[in-house]
Amino acid sequence: PPPPLFQAEDGIRDRVSCLVGSEMCIRDRLIELSGGKEVIATTHQKLSVELGTAREVISRQLQEFQRRGWIEQSRGAVSLVNRTALENLAGHNS
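Calculation rules
- Residues numbered from 1 in each chain as written.
- Predicted model: local features only at pLDDT ≥ 70, side-chain atom pairs only at ≥ 80, totals over all residues.
- Heavy atoms only, no water.
- Helix = DSSP H or I, 4+ residues; strand = E, 2+ residues; numbered from the N terminus.
- Buried < 20%, exposed > 50% of the residue type's maximum accessible area, 1.4 Å probe, protein only.
- Contact = heavy atoms within 4.5 Å.
- Areas by Shrake-Rupley, 256 points an atom, 1.4 Å probe, with all protein chains shown as cover.
- Expected span 1.5 Å × (residues − 1).
- Polar contact = N/O pair within 3.5 Å; in protein donor to acceptor, adjacent residues only side chain to side chain.
- Core = buried A, V, L, I, M, F, W, Y, C linked by side-chain atoms within 4.5 Å.
- Phe/Tyr/Trp six-rings, centres within 6.5 Å; stacked < 30°, edge-to-face > 60°.
- Axes fitted to C-alpha atoms, helices over the stretch in contact; angles between N-to-C directions.
- Parallel < 35°, antiparallel > 145°, perpendicular 65-115°, else oblique.
- Nonpolar A, V, L, I, M, F, W, Y, C, P; charged D, E, K, R; others polar.

Colleague: How do you make sense of the overall build of the protein chain when you look at a structure like this?
Modeller: The number of helices and strands found in the protein chain is 5 helices and 3 strands. A burial count over the protein chain gives 31% of its 94 residues as buried. Taking all contacts inside the protein chain whose residues are at least 6 apart in sequence as the whole, residues at least 24 apart take part in 55%. Carbon and sulfur atoms form 54% of the exposed surface of the protein chain, whose accessible area is close to 6000 Å².

Spelled out as structure tokens, the structure:
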């Protein structure tokens, strides 16, 4: 495995990528958190901390995902309504 310094650099690089392409990063994180399940127990605030971005960015993007029919939101949870569309656009072709 790479030394810890390189692992830290990879983490920073991932964060910068998330800031540049937040839509893709949020989709990837939702798919990862779902673990194959439909409902994810999370909040906008928790996602923002995990992804190193503002809660408002998360809220705006999740609202767009909901508008597209990919997810539904409720207090403390996100439901993946159209996982296939989300996975295809996130580049997770299974």
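So that's the structure; there's more coming.
Colleague: How should helix 4 (residues 55-67) be read in this particular structure?
Modeller: An α-helix turns once every 3.6 residues. As a result, residues three or four positions apart point the same way. Look at helix 4: 18 Å from first C-alpha to last across 13 residues, which is about the 18 Å you get at 1.5 Å a residue. Restricting attention to buried positions, one finds in helix 4 the residues I58, S59, Q61, L62 and F65.

Colleague: Whenever I open this one, the environment of Q73 confuses me. Can you help?
Modeller: Its place among the elements puts Q73 in strand 2 (residues 71-74). For Q73, a relative accessible area of 25% gives the class partly exposed. For the pair Q73 and T43, spaced 30 residues apart in the sequence, the C-alpha separation amounts to 9.5 Å. Looking at Q73, its side chain comes within polar contact range of the main-chain oxygen of L62, at 3.5 Å.

Colleague: Looking at this model, I keep getting lost on the nonpolar core. Mind explaining?
Modeller: Side chains that are nonpolar tend, in soluble globular proteins, to be buried together. Membership of the largest hydrophobic core comes to 16 residues, with the highest contact counts inside it found for I26, L30, L62, F65 and I71. Listing elements by their share of this core, those giving two or more residues are helix 2 (22-34), helix 3 (44-51), helix 4, strand 3 (77-80) and helix 5 (83-90). Ranked by residue count, the leading element in this core is helix 2, at 4 residues. In this structure I71 touches L30, L62, F65, Q66, V78, S79, L80 and V81, once residues within four positions along its chain are discounted.

Colleague: What's the story with the packing of aromatic side chains in this structure? I'm lost.
Modeller: Describing an aromatic ring pair means giving the distance of the ring centres and the angle of the ring planes. Within the structure shown, the criterion is met by 1 aromatic pair. Here F65 and W70 contribute two aromatic rings whose centre-to-centre distance is 5.3 Å and whose plane-to-plane angle is 45 degrees, an arrangement assigned as tilted.

Colleague: Just checking my understanding: could you explain the packing of helix 2 against helix 4 for this structure?
Modeller: Two elements in contact, helix 2 and helix 4, have axes whose closest approach is 10 Å; the angle formed by their N-to-C orientations is 75 degrees. When the interaxial angle is binned, helix 2 and helix 4 end up roughly perpendicular. Here S22, E23, I26, R27 and L30 of helix 2 come into contact with helix 4, specifically with V57, I58, Q61, L62 and F65. Across the contact of helix 2 with helix 4, the residue classes tally to 6 nonpolar, 2 polar and 2 charged.

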